[in-house]
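# Remarks on the overall topology
Read off the chains here:
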Amino acid sequence: MQDLNILITSGGVETALNIIKCLKKSAFNCRIITADMDPNSLGQYFSDINYLTPKATEENFISEIIKIVHKEKIDFIFPCHSSEIAIFCSSKSSFESEGVGLILPHSSAEETCSNKKKFIEFLGKHNFNSAKTFQSFDQVHNFPIFIRPITGSSSSGAILIGCKSQITKEQIANQHNLIIQEYIAAPEITIDAYRNSAKGFFACIPRIRQKVKDGKSIIAETVNDINILKLAKNLLERLEFDGACNIQLFLDEDLKIIEINPRMSAGGLLLACEAGLNIPELMLRDYLSMPLPNLQPPSKPIKMVRYLDEVFL
């Protein structure tokens, strides 16, 4: 299979490590280059070469990435962290002019997904089910409720509030930057998905999150539910979303949608790979105009249990 030079940014996050594992299971012979702002980034111990870069929000971030592209003759880039997806989306043409592969959603779809308020408005406009949302704490009469920042990832800032007295003055003052929703006591489903509308391609693997730590699945099991598969396909079509993402929803009678992260997942990407959906390999095949396989969820559940591991230097 073809030799490729692959750049993985935010090389220290779990998504990057998952992508590296998926690429090593793929049919491609990948030389893996990681880049991260942290000199102790874990990805450097699993890649062929590592670079220290500025923060994604700094002005010279993209120019430094392009220097790596030139030096290492990069064929394809996998951005990993939520904070850099929008930046790569807006700079996509710069990389395409360099002959570098970069599969990302359109900026409008990315913006809708990354802003939880806009996403909830999108769900309401298109008649998708979601948790009841309040515009302010004054509208809340029943508890518990769940609050989270309008932007962010990995459950950062998400708080369960059991009664009115638990609402702080700081939260009231900052409520215009919060999503305030009813609490739903139901299992959560995450769907790892990939779509290319031009080729009429869609594939996904749903999994039930049986145990979660820091917003990431550490125990999960695949599920094969036709209603979940149809919902995921319909949602991405309405959103006109192309590329890789993970969709989160509540497994109740209404299948209430929580959010879409416009990137590959940190928790269950490897479970999807084990179930037959190797999304990083699929993206490379898509970019290289190779045939995309007809993929179906496994008929029998596959369970994943994750654990910490060590690197000694």
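The structure contained in this document is the topic of the report that follows. Throughout, residues of each chain are indexed from 1 in the direction in which the sequence is written. Local features are withheld for residues below a pLDDT of 70 in this predicted model, meaning they are given only at 70 or higher, and side-chain atom pairs are given and counted only at 80 or more; totals for whole chains, interfaces and linings count all residues. Side-chain calculation: all heavy atoms of the structure are included, whereas hydrogens and water are not.

### Quick look at the overall build of the protein chain
The following threshold applies: Helix and strand labels come from DSSP, where a helix needs a run of H or I of at least four residues and a strand needs a run of E of at least two; each type is numbered from the N terminus. Atoms counted for the radius of gyration: C-alpha only. Globule rule: 2.2 Å times residue count to the power 0.38. Categorising residues by exposure relies on relative accessible area from a 1.4 Å probe, with only protein chains included: less than 20% of the type maximum marks a residue as buried, more than 50% marks it as exposed, and the intermediate range marks it as partly exposed. Any pair of residues with heavy atoms lying within 4.5 Å of one another is described as a contacting pair. Using the Shrake-Rupley algorithm and a 1.4 Å probe, accessible areas are obtained, with residue cover drawn only from the displayed protein chains. Charge counting follows a simple rule: Lys and Arg are positive, Asp and Glu are negative, and His as well as the terminal groups are ignored. Think of each charge as sitting on NZ of Lys, CZ of Arg, CG of Asp or CD of Glu.
A count of helices and strands for the protein chain gives ten helices and 14 strands. Taken over the C-alpha trace, the protein chain has a radius of gyration of 20 Å; the compact-globule value for 313 residues is 20 Å, and the two agree within 12%. Each principal axis of the C-alpha atoms in the protein chain carries an extent, and together these give about 60 × 45 × 40 Å. Looking at the 313 residues of the protein chain, the share that counts as buried comes to 52%. Once local pairs closer than 6 in sequence are excluded, the contacts in the protein chain between residues at least 24 apart make up 66%. Surface exposure of the protein chain reaches about 15,400 Å², of which carbon and sulfur atoms provide 49%. In the protein chain, 33 positive and 36 negative side-chain charges are present, and the distance between their average locations comes to 3 Å.

### Here we look at unusual backbone geometry
With an omega dihedral of 5°, the bond running from Phe143 to Pro144 counts as a cis peptide bond. Of note, Pro144 is situated in the loop between strand S5 (133-134) and strand S6 (145-149). Look at Lys73: it is not a glycine, yet its phi comes out positive at around 55°. Structurally, Lys73 is set in the loop between helix H2 (61-72) and strand S4 (76-78).

### A few points about the pairing of strand S13 (residues 257-261)
Counted only if it meets this: Paired strands are those between which DSSP finds at least two bridges.
Where burial is concerned, most of S13 is hidden: five out of the five residues are buried. Pairing of strand S12 (residues 243-250) with S13 involves four bridges; the strand directions are antiparallel. Bridge assignment links Gln248 to a residue of S13, and that residue is Glu259. Linking S12 back to S13 in an antiparallel pair, the connection comprises six residues, with Leu255 at a positive phi of about 50°.

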